[in-house]
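# Coordinate inspection notes
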Amino acid sequence: MRLAVLSGKGGTGKTTVAVNLALSWAPYRKTTYIDYDVEEPNGFIFLRPQIRNSSTVFLPYPEINGACTLCGKCSEACQYHALAVVGGQVMVFPELCHGCGTCGIVCPVEAVDEVERPLGEIDEGERDGVQCLQGVLKEGESLAGPVIRGLRRREKERSSQVEEVIVADCPPGSSCSVIHSAEGSDLAILVTEPTLFGLHDLRIAVGLMREMGLDIGVIQNKDDGGSLIREYCIQEGITLLGSIPFDLEIAGIYSRGQSLTQEPKWAELFKTLGERIMTEVTQRKNRGKTA
Amino acid sequence: MRLAISTGGRDLDKFVDDRFGRCPYFMFCDSEDPQGTAEYKDNPALTGTGGAGIAAAEYMAKEKVEVLITGSLGPNALRVIKVANIPAYTASESMTLSEAIKAWQEGHLAQISEAGAAHAGER
């Protein structure tokens, strides 16, 4: 079972929800937490896993060898303008290269060699029975895609094991990074907060998930008892999976970098929330089968 | 000399565009006779998602430009322009193309030697 936790707006509590759900499922199910927010991964701050493996994600870029005739076909073909043929040479801009390899394909004289540069890292570890993975994009880099794809490959390799719960902590926004992190999930859990900004971005995220054909459910974080999010969910026919109260104690535990499940009161809340999510996914699957 | 200026309009009375990679048009002319030789071409780099400065600079080399007048050049565009050995001069957006050409001829335009901000033209 794959659950994507996302939000639209940043800072609504994706990581808080993803981490604490993973911790509360771990005693009963094989659980893997994966931080797909590679530009700013922060789940490991709370999970503090024992890291047992780190690997580098590389991205290929072209290097031009002596066979080059300066014909300019590589530069013409490059959508990202990572190559320029000027002044009797081919200039290469590795930071603009997406590693697609088109320059090498169009080169008539095999003058393009592929070299690699490190783009990021994938870390794996474990904490209290939760298998933990995170992708980290190198500082100064802007291409999150290859690191996210590297994580997805790693996820796929691992999840051949039966009945595993995968919690994918997705990036904020509604960009390619979110799509690559969320696609193929059994449920998209949208974490929101009762502010106009939260609702605005929630609408965008809901639109995206519907476009992608994913089942959705909402968790309201920092619940102030108001009706803003509740009314929206009713209007849109979206299941409100649960609420986390606006509470000073939660803020305190969070700011110390600890997990909420260490406090019995909040452990209970996340256990209930986790059971609700499991029931929801199972019911939807069964409905899908009969329909 | 073959001159190129980044611009938003297709007339010598129109203004200089201070964006290089993201300007709508380039005016090309022979500096001896701007009136008689001015031609306007769409900036081929305008539609790309990234690397517009690089593409526009490469276009200058392809067009065999000998002098470039624009607002400023980002780090990548400047690298390409330098390798292409094209001297670039900075003009303000308040100048028409005619005024910019005149100012360059009279030596009033400063040569661009340092890069401006990256992505400055994305607006």
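Since we're looking at a predicted model, the values are computed, not measured.

## Considering the overall build of chain A
- Check the secondary structure of chain A and you find 10 helices and 11 strands.
- A principal-axis box enclosing the C-alpha atoms of chain A has dimensions of 70 × 40 × 40 Å.
- Going through the 291 residues of chain A one by one, you find that 44% of them count as buried.

## Re the interface of chain A and chain B
- Tallying the contact residues gives 12 residues for chain A and 14 residues for chain B.
- Mapped by element, the contributors of at least two residues to the side of chain A that touches chain B are strand E4 (83-86) and strand E5 (89-92) of chain A.
- Top element by residues in the side of chain A that touches chain B is E4(A). It accounts for 3 residues.
- Of the residues contributing to the side of chain A that touches chain B, the split by class is 8 nonpolar, 4 polar and no charged.

## Things to note about the domain arrangement of chain A
- If you check the domain split of chain A, you get domain 1 (2-54 + 124-290) and domain 2 (66-110).
- Taken over C-alpha atoms, the centre of domain 1 of chain A sits 41 Å from the centre of domain 2 of chain A.

## A word on unusual backbone geometry
Residues and elements named next belong to chain A.
- Unusually for a residue other than glycine, His 81 sits at a positive phi of about 55°.
- Assignment of secondary structure puts His 81 in the loop between helix H3 (73-77) and E4.
- Owing to 25 C-beta atoms within 10 Å, His 81 belongs among the buried residues under this scheme.
- In this model, Glu 110 sits at a positive phi of 50°, which is unusual for a non-glycine residue.
- Note on placement: Glu 110 falls in the loop between helix H4 (102-106) and strand E6 (112-127).
- Residue classification places Glu 110 among the exposed positions, given that 10 C-beta atoms sit within 10 Å.

## Focus: the sheet that holds strand E3 (residues 50-64) of chain A
All names here are of chain A.
- Strand order across the open sheet formed by 9 strands is E3-E6-E7-E2-E8-E1-E9-E10-E11, with mixed pairing between neighbours. Two strands lie at the open edges of the sheet, namely E3 and strand E11 (239-245), each paired on one side alone. In this sheet, adjacent strand axes meet at a mean angle of 20° when their direction is disregarded.
- Here strand E10 (residues 216-223) runs beside E11; their pairing, made up of 5 bridges, is parallel. Residue pairing for E11: Gly 217 is matched across the bridge by Thr 239.
- Against the sheet, helix H8 (residues 228-236) makes contact with strand E9 (187-192), E10 and E11, and its axis sits at roughly 170° relative to E10, the strand it touches most.

Calculation notes
Residues numbered from 1 in each chain as written. Chains lettered and ligands numbered in written order. Predicted model: local features only at pLDDT ≥ 70, side-chain atom pairs only at ≥ 80, totals over all residues. Helix = DSSP H or I, 4+ residues; strand = E, 2+ residues; numbered from the N terminus. Buried ≥ 20, exposed ≤ 12 C-beta atoms within 10 Å, placed from the backbone. Contact = placed C-beta atoms within 7 Å. Nonpolar A, V, L, I, M, F, W, Y, C, P; charged D, E, K, R; others polar. Domains from an automatic or database assignment. Pairing = 2+ DSSP bridges. Axes fitted to C-alpha atoms, helices over the stretch in contact; angles between N-to-C directions.

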